[in-house]
Amino acid sequence: GDSVTQMEGPVTLSEEAFLTINCTYTATGYPSLFWYVQYPGEGLQLLLKATKADDKGSNKGFEATYRKETTSFHLEKGSVQVSDSAVYFCALISGGSNYKLTFGKGTLLTVNP
Amino acid sequence: KAGVTQTPRYLIKTRGQQVTLSCSPISGHRSVSWYQQTPGQGLQFLFEYFSETQRNKGNFPGRFSGRQFSNSRSEMNVSTLELGDSALYLCASNRPAGTGELFFGEGSRLTVL
């Protein structure tokens with residue numbers, strides 16, 4: 001079945017540091033890939049997505065590139081802010097479904113001033 | 001535009017009781033899906049409804065059930081509660097012909113004592 005593996009947290013960084021959160025996946029066919037973010041006390045919200053190989057999703061300074069050859073979708077940001085502190089989830093949809101997301105375990109990011 | 005609304009936000013039950021959670025999707029969204037979030041298992045898909053029909057169900061026991069009404073509002077029910085059912089239950093709606101972007105509510109946090 002489908003699965004998503006992302007780096008275990010927690011990750012603690014200083015403000016303006018570079019962020020990478022690794023994500024790899026296993027899926028049948030050609031999945032769409034997503035990063036969702038969950039701020040404290042809130043539900044999940046979509047951060048960015050990519051629907052085919054070599055696509056780059058970007059939003060709020062975050063980027064991720066869909067790498068089919070390495071089955072990866074790593075999240076990066078060049079300069080993190082305190083307000084980026086949250087849990088980040090890598091996820092995929094495959095098999096023609098547009099509603100059943102398979103999530104990674106989540107990575108807690110804490111950014112200190 | 002109002003987001004996905006879930007009620008109640010917090011509730012405490014005892015083992016053996018049952019609980020009903022409610023979800024109102026974004027206006028115009030006809031698909032509603034439910035996820036369970038726990039520290040150990042992460043985010044797991046429960047089921048999805050479209051036009052009052054359950055289209056898919058995750059790997060949960062029959063104690064977990066749901067339904068959708070003609071106005072797209074959805075409810076999920078858990079009977080004979082167990083300690084392990086303590087979790088954050090997230091509802092998400094999906095716009096018509098969506099590309100996998102789910103819009104999540106803030107969740108209902110269930111504690112089973």
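Details of the structure are given in the entry above.
What you see is a predicted model; the values in this text were computed from it and never measured. (Residues numbered from 1 in each chain as written. Chains lettered and ligands numbered in written order. Predicted model: local features only at pLDDT ≥ 70, side-chain atom pairs only at ≥ 80, totals over all residues. Heavy atoms only, no water.)

1. Here we look at the sheet that holds strand β8 (residues 62-65) of chain A
Residues and elements named next belong to chain A. Taken in spatial order, the four strands of this open sheet run β3-β9-β8-β7, and their pairing is antiparallel. Taken across any chain shown, the strands that pair with only one partner, and hence form the sheet edges, are β3 (19-21) and β7 (56-59). Strand-to-strand twist of the sheet, defined as the mean angle between neighbouring strand axes without regard to direction, takes the value 15 degrees. Examined bridge by bridge, β3 and strand β9 (residues 75-77) share three bridges and lie antiparallel to one another. Bridge assignment links Thr-20 to a residue of β9, and that residue is Glu-76. (Pairing = 2+ DSSP bridges. Helix = DSSP H or I, 4+ residues; strand = E, 2+ residues; numbered from the N terminus. Axes fitted to C-alpha atoms, helices over the stretch in contact; angles between N-to-C directions.)

2. Topic: the sheet that holds strand β1 (residues 5-7) of chain B
Residues and elements named next belong to chain B. With antiparallel pairing, four strands are arranged side by side in an open sheet as β1-β3-β8-β7. Of all the strands in the sheet, the pair left with one neighbour each is β1 and β7 (64-68). In this sheet, neighbouring strand axes are inclined to one another by 20 degrees on average, regardless of whether the strands run parallel or antiparallel. As judged from the three bridges shared by β1 and strand β3 (residues 19-24), these two strands associate in the antiparallel manner.

3. Examining the interface of chain B and chain A
If you look at the interface, chain B gives 25 residues, while chain A gives 17 residues. For the pair chain B and chain A, the two sides together bury roughly 1700 Å², of which 51% comes from carbon and sulfur. Taken together, chain B and chain A are joined by zero salt bridges. There are four residue pairs in polar contact (both at pLDDT 80 or more) connecting chain B and chain A. Counting only elements with at least two residues in the side of chain B that touches chain A, the list comes to β4 (31-38), β5 (42-50), β6 (53-57) and β9 (87-94) of chain B. (Contact = heavy atoms within 4.5 Å. Buried area = accessible area lost by both parts, 1.4 Å probe. Salt bridge = Lys/Arg side-chain N within 4 Å of Asp/Glu carboxyl O. Polar contact = N/O pair within 3.5 Å; in protein donor to acceptor, adjacent residues only side chain to side chain.)

4. Description of the pairing of strand β12 (residues 107-112) of chain A
Both faces of the sheet carry side chains from a regular strand, because those side chains alternate between them. All names here are of chain A. Burial of β12 is one-sided: the residues Thr-107, Leu-109 and Val-111 facing one way are buried, the residues Leu-108, Thr-110 and Asn-112 facing the other way are not. Pairing of strand β2 (residues 11-14) with β12, which is carried by four bridges, proceeds in the parallel orientation. Looking across to β12, one finds that Val-11 is bridged to Leu-109. Sheet topology note: the strand β10 (residues 86-93)/β12 ladder contains three bridges and is antiparallel. (Buried < 20%, exposed > 50% of the residue type's maximum accessible area, 1.4 Å probe, protein only.)

5. Looking at the nonpolar core
Among the nonpolar cores identified, the biggest contains 26 residues, and Trp35(A), Leu47(A), Leu48(A), Phe73(A), Leu75(A) and Tyr88(A) are the most heavily contacted of them. Looking at this core, the elements with two or more residues in it are β2, β3, β4 (23-26), β5 (32-38), β6 (44-50), β8, β10 and β12 of chain A. In terms of residues, this core owes the most to one element, β10(A), which gives four residues. When neighbours within four sequence positions are excluded, Leu75(A) is seen to be in contact with Leu19(A), Thr20(A), Ile21(A), Trp35(A), Leu47(A), Leu48(A), Phe62(A), Glu63(A), Ala64(A) and Tyr88(A). Within the second largest apolar cluster, 21 residues are counted, among which are Leu21(B), Trp34(B), Phe47(B) and Leu110(B). (Core = buried A, V, L, I, M, F, W, Y, C linked by side-chain atoms within 4.5 Å.)

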